[in-house]
There are 2 protein chains.
Amino acid sequence: MNTASADEPRWLSDEEQRTWRAYIHATTLLDDHLDRQLQRDAGMPHIYYGLLVGLAEAPRRRLRMTELAMKAKITRSRLSHAIARLEKNGWVRREDCPSDKRGQFAVLTDEGYEVLMRSAPGHVAAVRQAFFDRLTADQQKALGEAMLIIAEGLQPEGAGADLPWLR
Amino acid sequence: MNTASADEPRWLSDEEQRTWRAYIHATTLLDDHLDRQLQRDAGMPHIYYGLLVGLAEAPRRRLRMTELAMKAKITRSRLSHAIARLEKNGWVRREDCPSDKRGQFAVLTDEGYEVLMRSAPGHVAAVRQAFFDRLTADQQKALGEAMLIIAEGLQPEGAGADLPWLR
DNA sequence: GGCACTTGCTTGAAGTATCAACCTCTACAA
DNA sequence: TTGTAGAGGTTGATACTTCAAGCAAGTGCC
């Protein structure tokens, strides 16, 4: 006789519980930690910092809103609000897209670039201290691979064109 | 001659970059995914669900505010607001601590327990689908161990009594 | 007791996130 | 053309988070 009936959900085993809780705890603590670090040292939350990085890496330091949202894995709405805030800081500027009148570019300003350069060393140090310095090379590799799988699983597997996950 | 000067930060290598971005992407997507799943199916964000779980596991389904905050890895302030909201839903109730008049217990109500029982299967299914089902046993093990290390590193290593991380 | 210091928890304001509604523009076809 | 469906992006209301400030009760010490 099978212990699991058809409508009885497959609960997590003790081992899985431990894994899942370790994951939740680590991500909660690390997220908070980096948010505070950047809020203190750069005056913005972690995800905003990521937006500046995304722009800094792009050609001409600019990206269409939707592209940036995809890069950062956030919704367009969230990005819109975030860019509004960064614009108020003078770190990003919006520019109309010449070829598509609906489109907007987010452009990293010189001032934004400065802020990024100024805060990057401290942030990298924080990431090293909390993350890389504590893991062996093998652990880093394994974790990276696992995370890649998780991320891929939650993205619109098919296209890059249609973006259901941005709802 | 060494390429890294004393004040030049140790930037992330390409390999480290990939690992770190995979981590950020996976956690961002998974966090959003589970928040939406629970908001839709249980009417609360992921972390609130975790609070109910914490209470359900505790003796007499109650925990001191500070203990619950520690369990959930959040600040007391955040917990205070969260419990206020859950109280409004009738899922949690506050109770005075008899032995310490400053103290408060958060108590899971029957109604809160019901909500938890009702939404747990769907949530476990979502976690399995997004996380466990995609990883091999070895990957789960490695990831769990790495996450445990990260979490431990961000906690007040020393005591359980003083809680500097709760600021 | 009286004093200072700490712990436990809450509060309000300001910042950020989410969701649904909305507007404009593009693409495409009748 | 005109219609229409969809894409690109914004907005406002509501919910949640954060931070600093606050208050009341416990603790230690004279």
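See above for the structure.
Residues numbered from 1 in each chain as written. Chains lettered and ligands numbered in written order. Predicted model: local features only at pLDDT ≥ 70, side-chain atom pairs only at ≥ 80, totals over all residues. Heavy atoms only, no water.

Participant: Kindly report on the relation of the copies chain B and chain A, identifying the contributing residues and their values.
Facilitator: For the pair chain B and chain A, the best superposition has an RMSD of 0.0 Å and corresponds to a rotation of 180 degrees with a translation of 0.0 Å parallel to the axis. In short, the pair behaves as if placed about a two-fold rotation axis. Taking the C-alpha atom as reference, chain B places Leu143 of chain B closest to the rotation axis, 2.7 Å from it. (Least-squares fit on C-alpha atoms with pLDDT ≥ 70 in both.)

Participant: Give a detailed account of the protein's contact with DNA strand D, specifying residues and quantitative values.
Facilitator: With respect to spatial proximity, 23 residues lie near DNA strand D, and among them Arg36, Thr66, Ser80 and Arg94 of chain A together with Arg78 of chain B are the closest. At 2.4 Å, a side-chain N or O of Arg94 of chain A approaches a phosphate oxygen of DNA strand D. Within the side chain of Arg102 of chain A, an N or O atom sits 2.8 Å from a base nitrogen of DNA strand D. Every element with two or more residues in the surface near DNA strand D is listed here: helix 1 (14-42), helix 3 (65-72) and helix 4 (76-88) of chain A together with helix 2 (46-57) and helix 4 (76-89) of chain B. Its residues placed into classes, the surface near DNA strand D shows 4 nonpolar, 8 polar and 11 charged. (Near = heavy atom within 4 Å. Polar contact = N/O pair within 3.5 Å; in protein donor to acceptor, adjacent residues only side chain to side chain. Helix = DSSP H or I, 4+ residues; strand = E, 2+ residues; numbered from the N terminus. Nonpolar A, V, L, I, M, F, W, Y, C, P; charged D, E, K, R; others polar.)

Participant: Describe the protein's contact with DNA strand C, naming the residues involved and giving the relevant values.
Facilitator: Residue and element names in this part refer to chain B. Surveying the vicinity of DNA strand C reveals 24 residues, the closest of which are Arg36, Thr66, Ser80, Arg94 and Arg102. Counting only atoms of DNA strand C within 4 Å of the protein, the sugar-phosphate share comes to 67%. In the model, a base oxygen of DNA strand C is placed 2.5 Å from a nitrogen or oxygen of the Arg102 side chain. Along the lines of polarity and charge, the residues of the surface near DNA strand C split into 4 nonpolar, 8 polar and 12 charged.

Participant: Just give me the short version of the sheet that holds strand 3 (residues 104-108) of chain A, but keep the residues and values in it.
Facilitator: As a general point, the strands of a sheet are linked pairwise by backbone hydrogen bonds and lie either parallel or antiparallel. All names here are of chain A. The 3 strands are arranged 1-3-2 in an open sheet whose pairing can be described as antiparallel. Bordering the open sheet on either side are strand 1 (62-64) and strand 2 (92-96), each of which pairs with just one other strand. The mean inter-strand angle of the sheet, taken between neighbouring strand axes irrespective of direction, is 30 degrees. Of the pairings in the sheet, the one linking strand 2 to strand 3 comprises 5 bridges and is antiparallel in character. Each bridged residue has a counterpart across the sheet, and for Glu95 the counterpart in strand 3 is Phe105. Running over the sheet, helix 3 touches strand 1, strand 2 and strand 3 and is turned about 95 degrees from strand 1. Across the sheet, helix 4 lies against strand 2 and strand 3, angled at about 115 degrees from strand 2, the strand it touches most. (Pairing = 2+ DSSP bridges. Axes fitted to C-alpha atoms, helices over the stretch in contact; angles between N-to-C directions. Contact = heavy atoms within 4.5 Å.)

Participant: Can you tell me about the sheet that holds strand 3 (residues 104-108) of chain B, naming the residues and giving the values?
Facilitator: Residue and element names in this part refer to chain B. Taken in spatial order, the 3 strands of this open sheet run 1-3-2, and their pairing is antiparallel. Of all the strands in the sheet, just strand 1 (62-64) and strand 2 (92-96) have a single pairing partner and so form its edges. With strand direction ignored, the average angle separating the axes of adjacent strands in the sheet is 30 degrees. Looking at chain direction, strand 1 and strand 3 are connected through 3 bridges and run antiparallel. Within strand 3, the residue paired with Arg62 across the bridge is Val107. Contacting strand 1, strand 2 and strand 3, helix 2 runs over the sheet at an angle of about 95 degrees to strand 3. Against the sheet, helix 4 contacts strand 2 and strand 3, and its axis sits at roughly 115 degrees relative to strand 2.

Participant: Please provide a residue-by-residue account of the interface of chain B and chain A, values included.
Facilitator: It is common to give the size of an interface as the accessible area that goes away when the parts come together. Listed per partner, the contact involves 55 residues of chain B and 55 residues of chain A. Around 5,400 Å² of area is buried between chain B and chain A when both sides are counted, 72% of it from carbon and sulfur atoms. In this assembly, chain B and chain A are joined by 4 salt bridges. Here Glu16 of chain B ties to Arg128 of chain A by a salt bridge, and the two come within 3.0 Å at their closest N and O atoms. Seen at the junction of chain B and chain A, the total is 10 residue pairs in polar contact (both at pLDDT 80 or more). Sorting the residues of the side of chain B that touches chain A by element identifies helix 1 (14-42), helix 2, helix 3 (65-72), helix 5 (110-130) and helix 6 (137-153) of chain B as the ones contributing at least two each. Considering every element that reaches the side of chain B that touches chain A, the biggest residue donor is helix 1 of chain B, with 17 residues. (Buried area = accessible area lost by both parts, 1.4 Å probe. Salt bridge = Lys/Arg side-chain N within 4 Å of Asp/Glu carboxyl O.)

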